[in-house]
Amino acid sequence: MSVSQADFRKAMSSFATGVTIVTVNSGAGVHGMTANAFTSVSLNPRLVLVCVDQRARTHSHLSAKKRFGINVLAENQHAISEHYARTSRHEAVVDAAGARFDRTKHGTPVLHGALAYLECRLHSAQDAGDHTIFIAEVEDLVMHEGRPLLYFQSGYRTLGKPIKQRRAPKRSPKPTPAPKPAARR
């Protein structure tokens, strides 16, 4: 069976994800990209990964700088996500999108209003098809209260109401059968 690129993309859109902005200090300003191919890898050491298209401008920045930030977006930051998802963008529009940044002691941009910020140092990189998997060690983090921006079926979403989990009734342990008496001969 052959899987078309369109079918593969449609199937992958059925997996709801959070939305992040990967940020890199570009000297003159902030370089960033929207990424939802992001996940934790390990607790010890604390590793995360982000997958980046090899044609993306961010790819060369991550390879060269070896340090970057992951900003987990809040539900009201979809305009920022859209801005950093564009392949061509104008810096004047970043203000309209509402992106404001502080810098860490390493100069890495931190997005105002993000739910979480992870300061990352490149650990390793592995080519995978037309993308590179960048694995990074998390050196610092900042967290804030709020609700996440989600991406599902090619559109932005927010969390709905929590699903009430039905609890299975507590089972009493099965009684252990008494040992059978040994047969007498």
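Below is a short write-up of the structure. Everything quoted here is computed from the prediction, not taken from an experiment.

This paragraph deals with the overall build of the protein. Looking only at helices and strands, the protein features 4 helices and 12 strands. The buried share of the protein, taken over its 185 residues, is 33%. Long-range contacts, defined here as pairs at least 24 residues apart, represent 62% of the contacts in the protein between residues at least 6 apart. Carbon and sulfur atoms form 54% of the exposed surface of the protein, whose accessible area is close to 13100 Å².

With that settled, the discussion passes to the pattern of salt bridges. Tallying each qualifying case throughout the model produces 6 salt bridges. Here Arg121 and Glu137 are joined by a salt bridge, their closest N and O atoms 2.9 Å apart. With Arg121 in strand S9 (residues 116-128) and Glu137 in strand S10 (residues 131-143), the pair connects residues that are 16 residues apart, well separated along the chain. On the accessibility criterion, Arg121 (34% relative accessible area) is partly exposed. The class for Glu137 is partly exposed, based on a relative accessible area of 25%. Connected through shared salt-bridge partners, Arg67, Glu119, Arg121, Glu137 and Glu139 make up one network.

With that out of the way, let us pick up the pairing of S9. Here strand S6 (residues 67-72) pairs with S9 via 6 bridges, running antiparallel. Considered in S9, the bridge of Ile70 is made with Leu118. Two elements, S9 and S10, share 12 bridges in a ladder whose sense is antiparallel. Looking at S10, one finds that Arg121 is bridged to Glu137. A loop of 2 residues connects S9 with S10, the two strands running antiparallel in sequence, and Gly129 in this loop sits at a positive phi of about 65 degrees.

Here we take up the pairing of strand S3 (residues 30-35). Among the 6 residues of S3, 6 are classified as buried, and the element is accordingly described as predominantly covered. The alternating pattern of S3 places Val30, Gly32 and Thr34 and His31, Met33 and Ala35 on opposite faces, both of which are buried. When strand S2 (residues 20-25) meets S3, the two strands line up antiparallel, connected through 6 bridges. Residue pairing in the sheet places Thr23 in a bridge with Gly32 of S3.

Looking at where Thr58 falls in the secondary structure, it is placed in helix H2 (residues 57-65). Exposure remark for Thr58: the relative accessible area of 3% places this residue in the buried category. Discounting chain neighbours no more than four positions away, the residues touching Thr58 are Val22, His31, Gly32 and Met33.

The next thing to look at is the sheet that holds S6. Spatial ordering of the open sheet is given by S3-S2-S6-S9-S10-S5-S4, a layout of 7 strands whose pairing is antiparallel. Both outer strands of the open sheet, S3 and strand S4 (38-42), are each paired with one neighbouring strand and no more. On average, each strand axis in the sheet is tilted by 35 degrees relative to the strand beside it, whichever way the strands run. H2 contacts S2, S3, strand S5 (47-53), S6, S9 and S10 of the sheet and is inclined by roughly 55 degrees relative to S2. Contacts between helix H3 (residues 78-85) and the sheet are confined to S2 and S3, with S3 contributing the most and set at about 105 degrees to the helix.

The 3 strands are arranged S1-S11-S12 in an open sheet whose pairing can be described as antiparallel. Sheet topology places strand S1 (17-18) and strand S12 (155-157) at the edges, where each strand pairs with a single neighbour. Sheet topology note: the S1/strand S11 (residues 150-152) ladder contains 2 bridges and is antiparallel. For Gly18, the partnering residue across the bridge sits in S11 and is Leu150.

The rules behind the values
Residues numbered from 1 in each chain as written. Predicted model: local features only at pLDDT ≥ 70, side-chain atom pairs only at ≥ 80, totals over all residues. Heavy atoms only, no water. Helix = DSSP H or I, 4+ residues; strand = E, 2+ residues; numbered from the N terminus. Buried < 20%, exposed > 50% of the residue type's maximum accessible area, 1.4 Å probe, protein only. Contact = heavy atoms within 4.5 Å. Areas by Shrake-Rupley, 256 points an atom, 1.4 Å probe, with all protein chains shown as cover. Salt bridge = Lys/Arg side-chain N within 4 Å of Asp/Glu carboxyl O. Pairing = 2+ DSSP bridges. Axes fitted to C-alpha atoms, helices over the stretch in contact; angles between N-to-C directions.

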